[in-house]
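Structural overview for review
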Amino acid sequence: MEIILLERIEKLGGIGDVVTVKNGFARNFLLPNNKALRANDTNRKLFETNRAKIESDNAERRGEAEVRAKDIDGKQIVLIRQASNTGQLYGSVSVRDIVDALVEDGVEGVSKAMVELERPIKSLGLVDVKVKLHPEVAVTVGVNVARSPDEAEMQKQGIDVIAAMFEEEQAEAVATALEPDSEDEFEEGTPPSEVAAEDAPAADEQNEEEGDKE
């Protein structure tokens, strides 16, 4: 289907461009969201008549988005989730979760359609997510998925929480393996304290004999 773009669409074109797209993409997304018009004679004339206003409105929205971008770009939100020891979440983080977290952080006006998340987040860690405030203005938001605020802070500092936890478990396992079994030692031989006690009288007798010789 041939359409006239009413705003810039990534990988397609800018305002006023006539492009060919798949019918489903046009009918399900572009046309119902007022991002394009069917490219027929009536709509071509309509667009040219209103081109100046369409471009002016777009420039105004772009300017507002650029102002908002300064406060949002680089922002990091924290999402606390349950996860296994391998870092896999019991569930996932969706676009809705990200939007809700942004709202809680004081960011308004971000809709689900603005958040570009290729697939739900299913593991702990830091993920950069693209948010398009306007077709020509995009920002990056960091999503910090952790099991606790402390772990979130560690991840923020660049620490791999899962790797650190694995190393700690390995260190504990090695320490446990190296610990002597005191009960077994006592069964196999006389404890050092008892040996010292048994040797003490003998040493005293030897000292007395040496004293008598003098």
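Residues numbered from 1 in each chain as written. Predicted model: local features only at pLDDT ≥ 70, side-chain atom pairs only at ≥ 80, totals over all residues. Heavy atoms only, no water.

1. Topic: the packing of aromatic side chains
Counted under the stated rule, the structure contains one aromatic pair. Measuring from ring centre to ring centre gives 5.6 Å for Phe25 and Phe29, while their planes differ by 15 degrees; the resulting arrangement is stacked. With a gap of four residues between them, Phe25 and Phe29 both fall in helix α1 (residues 23-30), about one helical turn apart. Judged by relative accessible area, Phe25 falls into the partly exposed class, the value being 37%. (Phe/Tyr/Trp six-rings, centres within 6.5 Å; stacked < 30°, edge-to-face > 60°. Helix = DSSP H or I, 4+ residues; strand = E, 2+ residues; numbered from the N terminus. Buried < 20%, exposed > 50% of the residue type's maximum accessible area, 1.4 Å probe, protein only.)

2. So, the environment of Ser123
Structurally, Ser123 is set in strand β7 (residues 121-123). C-alpha of Ser123 to C-alpha of Gln88: the two residues are 35 residues apart in sequence and 4.4 Å apart in space. Ignoring anything within four residues of it in the chain, the contact list for Ser123 reads Gly87, Gln88, Leu89 and Val145. (Contact = heavy atoms within 4.5 Å.)

3. Some points on the side chain of His134
Along the chain, His134 falls in strand β8 (residues 125-134). For His134, a relative accessible area of 5% corresponds to the buried category. Once you skip the residues sitting within four places of it in the chain, His134 turns out to touch Asn58, Arg61, Arg62 and Ala65.

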